[in-house]
Amino acid sequence: MSSYQLTHLQQIESEAIFVMREVASQFEKPVLLFSGGKDSICMVRLAQKAFWPAKLPFTLMHIDTGHNFPETIEFRDKLAEKIKAKLIIASVQESIDKGRVAEEKGINASRNILQTTTLLDAIEEHQFDAAFGGARRDEEKARAKERFFSHRDEFGQWDPKNQRPELWNLFNGRKNHGEHFRVFPLSNWTEMDVWQYIAHEQLEIPTIYFSHKREVVMRNSMLLAKSDFIQLNGKENYEKKDIRFRTVGDMTCTGAVESNAGTLEEIIQEVASARITERGGRADDRRSETAMEDRKKEGYF
């Protein structure tokens, strides 16, 4: 009998690779949703391992709100070019210009929720039948209801009460015309797993994940980075702090944390002692108790 045992990281890596290969075998035109954030960076590495030495058998796609962190956009383009992957940019601004969605108004306006329409339009336009997402079950309670293979109907909607069983890791990818699946290979990963995997694989990540000085404003107990997309009220002022971001997204709703963690080892130590989830710093999740689930039912990531 072999005494070889897989480490925890090897086990979850193997599981994620298995899911990716299942998608490649069951679907005709999958796409990997890639934002340049830490989770999608791990997904790219897993895909490279899953299909090495061949190139990735699917396209990368970013739903760009137009209000993203410049560091993330720069990293996104750099990585896509490095691995020679095709990258599709689906623009929320174009959806606004076409009248598909309406820009929110007010001091707390955000384009985050507008991404749903842009995403569904892009999936229909390119005829993608499966979309890899980097969501994890530990992020938010609605995420915990997801399976690896998440069925979406012909309108792109998700029904949490009508999901297919996945006993013994058997995945049912059958669908009707116009339907598609969202697939989450990192479902059983945690934020700590992601950071440990990044350290183990020595993956390059955007600089905003590390501690740096930045002008921020405190709003609703969140530190929002200074940008052209945020309006201040008469009582608010920017101040410079040592901060970093645990998650990245639209600048109007992604909160920073005060931090001096300048290395991966220090980030891992910080995450180990954190008492708030990474999405605890996302304003879009605070709009209601069921904000994430409501958006997901409509077709959100």
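Residues numbered from 1 in each chain as written. Predicted model: local features only at pLDDT ≥ 70, side-chain atom pairs only at ≥ 80, totals over all residues. Heavy atoms only, no water.

*Asks:* What exactly am I supposed to notice about the sheet that holds strand S8 (residues 222-225) here?
*Replies:* In space, the four strands of this closed barrel follow the order S7-S8-S10-S9, with antiparallel pairing throughout. Each neighbouring strand pair of the sheet contributes to a mean axis angle of 70°, computed without reference to strand direction. (Pairing = 2+ DSSP bridges. Helix = DSSP H or I, 4+ residues; strand = E, 2+ residues; numbered from the N terminus. Axes fitted to C-alpha atoms, helices over the stretch in contact; angles between N-to-C directions.)

*Asks:* Looking at this model, I keep getting lost on the packing of aromatic side chains. Mind explaining?
*Replies:* Pairs of aromatic rings are described using the distance from one ring centre to the other and the angle between the two planes. Considering all chains together, one arrives at eleven aromatic pairs under this definition. With 4.8 Å between their ring centres and 15° between their planes, Phe 149 and Phe 171 make a pair best called stacked. Residue Phe 149 is found in strand S5 (residues 149-152), and its partner Phe 171 is found in the loop between S5 and strand S6 (180-183); the two are separated by 22 residues along the sequence. The burial state of Phe 149 is the same as that of Phe 171; both residues are buried. Through a chain of ring-to-ring contacts, the aromatic side chains of Phe 18, Phe 27, Phe 148, Phe 149, Phe 171 and Phe 181 assemble into a single cluster. The ring of Phe 148 has Arg 137 lying over it, and the distance from NZ or CZ to the ring centre is 5.2 Å. (Phe/Tyr/Trp six-rings, centres within 6.5 Å; stacked < 30°, edge-to-face > 60°. Buried < 20%, exposed > 50% of the residue type's maximum accessible area, 1.4 Å probe, protein only. Lys NZ or Arg CZ within 6 Å of the ring centre and 35° of its normal.)

*Asks:* Can you walk me through the layout of surface pockets in this structure?
*Replies:* Any space left empty among the atoms is revealed by the rolling of a water-sized probe across them. Space inside the largest pocket adds up to approximately 490 Å³. Taken together, 21 residues make up the lining of the largest pocket; nearest its centre are Ile 123, Gln 127, Phe 128, Gly 178 and Glu 179. Per-element accounting of the lining of the largest pocket gives the leading share, three residues, to helix H5 (residues 115-126). Taken together, the residues of the lining of the largest pocket break down into five nonpolar, eight polar and eight charged. (1 Å grid on protein atoms, 1.4 Å probe; cavity = no way out; pocket = protein on both sides within 12 Å on 5 of 7 lines; lining within 4 Å. Points joined across faces, edges and corners; volume = space filled by probe spheres on them. Nonpolar A, V, L, I, M, F, W, Y, C, P; charged D, E, K, R; others polar.)

*Asks:* Is there a simple way to think about helix H2 (residues 38-51) in this case?
*Replies:* Within an α-helix, residues lying three or four positions from one another point in the same direction, as the helix has 3.6 residues per turn. Between its first and last C-alpha, H2 extends 20 Å over 14 residues, near the 20 Å set by a 1.5 Å rise per residue. For H2, the buried fraction is high: eleven of the 14 residues fall into the buried class. All buried positions along H2 are accounted for by Lys 38, Asp 39, Ser 40, Ile 41, Cys 42, Met 43, Val 44, Leu 46, Ala 47, Ala 50 and Phe 51. In this structure, the buried side of H2 is in contact with helix H1 (8-26), strand S1 (30-33), strand S2 (59-64), helix H3 (70-82), strand S4 (130-132) and helix H6 (191-201). (Expected span 1.5 Å × (residues − 1). Contact = heavy atoms within 4.5 Å.)

*Asks:* What am I meant to see in the pairing of S2 here?
*Replies:* As a general feature of sheets, a regular strand has side chains that alternate between the two faces. Here S2 lies mainly inside the structure; six of its six residues are buried. Neither face of S2 is left uncovered, since the one carrying Thr 59, Met 61 and Ile 63 and the one carrying Leu 60, His 62 and Asp 64 both have all their residues buried. Relative to S2, S1 is paired through three bridges, and the arrangement is parallel. By the bridge assignment for S2, Val 31 is matched with Thr 59. The sheet contact formed by S2 and strand S3 (residues 87-91) spans five bridges and is parallel. Paired with Ile 63 across the strands is Ala 90, a residue of S3. Taken together, S2, H3 and S3 constitute a β-α-β crossover, and its handedness is right-handed. (Right-handed = clockwise from strand over helix to strand, strands pointing away.)

*Asks:* For this particular structure, what's the right way to read the nonpolar core?
*Replies:* Within soluble globular proteins, side chains that are nonpolar generally end up buried alongside one another. Ranked by internal contacts, the top residues of the largest apolar core, which has 57 residues, are Met 20, Leu 32, Leu 60, Phe 149 and Trp 195. Every element with two or more residues in this core is listed here: H1, H2, H3, S4, S6, H6, S8 and helix H7 (264-273). When residues in this core are grouped by element, the largest group, eight residues, is from H2. Residue contributions to this core reach at least three from each of two domains, namely domain 1 (8-194 + 290-298) and domain 2 (206-285). Discounting chain neighbours no more than four positions away, the residues touching Trp 195 are Lys 38, Ile 205, Tyr 209, Arg 244, Leu 264, Ile 267, Ile 268 and Val 271. Core analysis: the next-biggest nonpolar cluster, separate from the first, contains 15 residues, Met 61, Ile 88, Leu 114 and Ala 131 among them. (Core = buried A, V, L, I, M, F, W, Y, C linked by side-chain atoms within 4.5 Å. Domains from an automatic or database assignment.)

Everything listed is a geometric property; what it means functionally is a separate question.
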